[in-house]
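Descriptive analysis of the structure
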Amino acid sequence: MTAISSAGDRKHRRGSKVPLLPQKRDDRDYDDCQSAEVGFDGASFSGAVFNLSTTIVGAGIMALPAILNQLGLIPGLLMILLGAWVTELSIDLVLRFGRASKTSTSYSGVVADAFGGFARTLLQVCIVVNNLGMLIVYLIIIDSLRYTSALSVLLAVVFVVITAGVAIVKLAEGSIGMPRLMPQVKDQADFWKLFTTVPVIVTAYICHHNVHPIENELKDPSQMKPIVRASLTLCSSVYIATSFFGVLLFGDKIMDDVLTNFDGDLGIPYSSLIDDIVRISYGVHLMLVFPIVFYSLRLNLDGLFFPYAIPISRDNKRFFSITIALMGFIFVGANFVPNIWDAFQFTGATAAVAVGFIFPAAIALRNAHGIATKRDRVAAWLMLFLAVTTSTVAICSDVYSILSPDSDITS
């Protein structure tokens, strides 16, 4: 099937209102939306919080303990909180400018409204790269509905609780000590390595392309701002607990994927059983999150290659072809990417930082509808400066590490 088979196919142009999640019933005519088949009365506050939290808490949580070990306890925890705060600012900008446009009910629609079709395509490419990277990470970790969202978050919490319990027991026994409060910087190379932590933290909070679909299914869309805040509070709390107790438990022996540390003797009774519970529970969590991330990936990739075709949900051949191709690519990538740190460095320093911060800042500075306040402009410039500088330094540091055979990022 070609991207443009005839002029008549333009009526099937993928609109900004194609839903990621079931749409609530109302009298509006949603483009290509089968609301009559899958409609419902609207999602609740708690359901939306769990949905958004599920799209946030993924594989990034596994690398955060290594981040805390590298930065030190105080700077590491501050970076996690700063990441949540900047993410909330960027999502708020995207939502407000989306409402101002009145025709854009997706992230890509807001970008297209501000900068045109080319910017929309560029954003979709970034989302595809980011989601591909995340799904490759999911498979690497696995190899070493509404209620489903709540279950996946619960399984992540199970991981945190077990890690905390084991760390507290060993701390009480005196077999472990407190982690260092500040980073160890012995030379210039150690200083630049600190910036490689930024892409991981950025990736840990990326959810911007899922915010509008969740807002579209709400009973009351005005609740979206407190939903975002509640979700980020929940996720950052899980991140802080995981990072703190992970570093407390394993110290300098922490791996770039903390789940790998749960593959040996923990020094407590029933260690093997606890290892199995931790690995299985988080493996199930990733399997529940995988379809959500994959759905967004497939939808954006289909929009890039077949912008004028009928919706992919109505074309079985295209649906299965894209699904099989993506799954094959992800499987091959998971076998060739050496560890999750490398995947995070690539996606976090490029696609994720663009999706999470550069595009929202650019939308606010463009101010197509004249609603940006002075605070918005200051926040946008700050966001843009931090995104570009830290990403550039992280990429340069990665290149330096690759060219230095004796270097070890996570050491």
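The structure this text deals with has already been given above.
Residues numbered from 1 in each chain as written. Predicted model: local features only at pLDDT ≥ 70, side-chain atom pairs only at ≥ 80, totals over all residues. Heavy atoms only, no water.

1. Digging into a nonpolar patch on the surface
On the surface, Ile 74, Leu 78, Leu 81, Leu 181 and Met 182 cluster together into a nonpolar patch covering about 470 Å² of accessible area. The partly exposed category is assigned to Leu 181, whose relative accessible area is 45%. (Patch = residues over 30% accessible without salt bridge, like charges linked within 9 Å, V, L, I, M, F, W, Y side chains within 5 Å. Areas by Shrake-Rupley, 256 points an atom, 1.4 Å probe, with all protein chains shown as cover. Salt bridge = Lys/Arg side-chain N within 4 Å of Asp/Glu carboxyl O. Buried < 20%, exposed > 50% of the residue type's maximum accessible area, 1.4 Å probe, protein only.)

2. What to know about helix α3 (residues 60-71)
The end-to-end C-alpha distance of α3, which contains 12 residues, comes to 16 Å, matching closely the 16 Å that a straight helix rising 1.5 Å per residue would cover. The element α3 is largely enclosed, with a buried count of 12 among its 12 residues. Gly 72 sits one or two positions beyond α3 and adopts a positive phi of about 95°. (Helix = DSSP H or I, 4+ residues; strand = E, 2+ residues; numbered from the N terminus. Expected span 1.5 Å × (residues − 1).)

3. Looking at the packing of helix α4 (residues 73-101) against helix α14 (residues 340-366)
Helix-helix packing is characterised by the crossing angle of the two axes and by the distance between the axes. Relative orientation of the contacting elements α4 and α14 amounts to 45°, with a least axis distance of 9 Å. Comparing the axis directions of α4 and α14 gives the class oblique. Every pair of crossing elements has a handedness; the one defined by α4 and α14 is left-handed. Contacts between α4 and α14 involve Val 86, Thr 87, Ser 90, Leu 93, Val 94 and Phe 97 on the former and, on the latter, Gly 356, Phe 357, Pro 360, Ile 363 and Ala 364. Among the residues making up the contact of α4 with α14, the classes are represented as eight nonpolar, three polar and no charged. (Axes fitted to C-alpha atoms, helices over the stretch in contact; angles between N-to-C directions. Parallel < 35°, antiparallel > 145°, perpendicular 65-115°, else oblique. Left-handed = near helix turned anticlockwise from the far one by under 90°. Contact = heavy atoms within 4.5 Å. Nonpolar A, V, L, I, M, F, W, Y, C, P; charged D, E, K, R; others polar.)

4. Regarding the pattern of salt bridges
Under the counting rule described, the total for this entry stands at seven salt bridges. Across the pair Arg 96 and Asp 376 runs a salt bridge whose closest N-O atoms are separated by 2.7 Å. Using a relative accessible area of 23% as the deciding quantity, one classes Arg 96 as partly exposed. One salt bridge connects Arg 99 with Glu 215, and the closest N-O pair in it is separated by 3.0 Å.

5. Here we look at the packing of aromatic side chains
Applying the stated criterion across every chain yields a total of five aromatic pairs. Centroid distance Tyr 205 to Tyr 239: 5.3 Å. Interplanar angle 75°. Geometry classified as edge-to-face. With Tyr 205 in the loop between α9 (198-204) and α10 (208-216) and Tyr 239 in helix α11 (residues 224-250), this residue pair connects regions lying 34 residues apart in the sequence. For Tyr 205, a relative accessible area of 2% gives the class buried. Overall, Tyr 239 belongs to the buried group, its relative accessible area being 1%. For the pair Phe 250 and Phe 262, a centre-to-centre distance of 5.3 Å together with 90° between the ring planes defines the contact as edge-to-face. Placement of Phe 250 in helix α11 and of Phe 262 in the loop between α11 and α12 (271-305) is noted, with a sequence separation of 12 residues between them. The pair Phe 250 / Phe 262 is uniform in exposure class, with both members buried. (Phe/Tyr/Trp six-rings, centres within 6.5 Å; stacked < 30°, edge-to-face > 60°.)

6. Quick look at the nonpolar core
One finds Phe 159, Met 224, Tyr 239, Tyr 282 and Ile 330 to be the most contacted residues of the largest nonpolar core, which totals 82 residues. Ranked by residues supplied to this core, first place goes to α11 with 12 residues. Ignoring sequence-local partners within four residues, the contact set of Tyr 239 consists of Ile 56, Val 57, Gly 58, Ile 61, Leu 64, Ile 80, Ala 204 and Tyr 205. The next biggest cluster of nonpolar side chains, apart from the first, holds 32 residues, and it includes Ala 119, Ala 351, Val 353 and Ala 354. (Core = buried A, V, L, I, M, F, W, Y, C linked by side-chain atoms within 4.5 Å.)

7. Digging into helix α5 (residues 107-115)
With seven of nine residues buried, α5 lies mostly within the body of the structure. Taken residue by residue, α5 has Tyr 107, Ser 108, Gly 109, Val 110, Val 111, Ala 112 and Ala 114 as its buried positions. Where α5 terminates, the next one or two residues include Gly 116, which has phi positive at roughly 100°.

8. Some points on the state of the cysteines
Here the structure, examined in full by the defined rule, presents zero disulfides. Here Cys 207 is not disulfide-linked; the sulfur of Cys 235 is the nearest cysteine sulfur, at 7.8 Å. (Disulfide = S-S within 2.5 Å.)

9. Here's the deal with the environment of Ile 140
Tracing the chain through its elements places Ile 140 in helix α6 (residues 117-143). With relative accessibility at 12%, the residue Ile 140 sits in the buried group. Apart from the residues lying within four places of it in its own chain, the contact partners of Ile 140 are Ala 334, Val 337, Asn 339 and Ile 340.

10. Side note on the environment of Leu 71
Along the polypeptide, Leu 71 turns up in helix α3. Judged by its relative accessible area of 7%, Leu 71 is buried. Excluding residues within four positions of it along the chain, Leu 71 makes contact with Gly 76, Met 79, Met 182, Pro 183, Leu 194 and Thr 197.

11. A look at the packing of α5 against α14
For the pair α5 and α14, the least separation of the axes is 10 Å and the interaxial angle reads 40°. Comparing their axes, α14 and α5 come out oblique. Between α5 and α14 the crossing geometry is left-handed. Packed against α5, whose contacting residues are Tyr 107, Val 110, Val 111, Ala 114 and Phe 115, the element α14 presents Ala 354, Val 355, Phe 359, Pro 360, Ala 362, Ile 363 and Arg 366 at the interface. Its residues assigned to classes, the contact of α5 with α14 shows 11 nonpolar, no polar and one charged.

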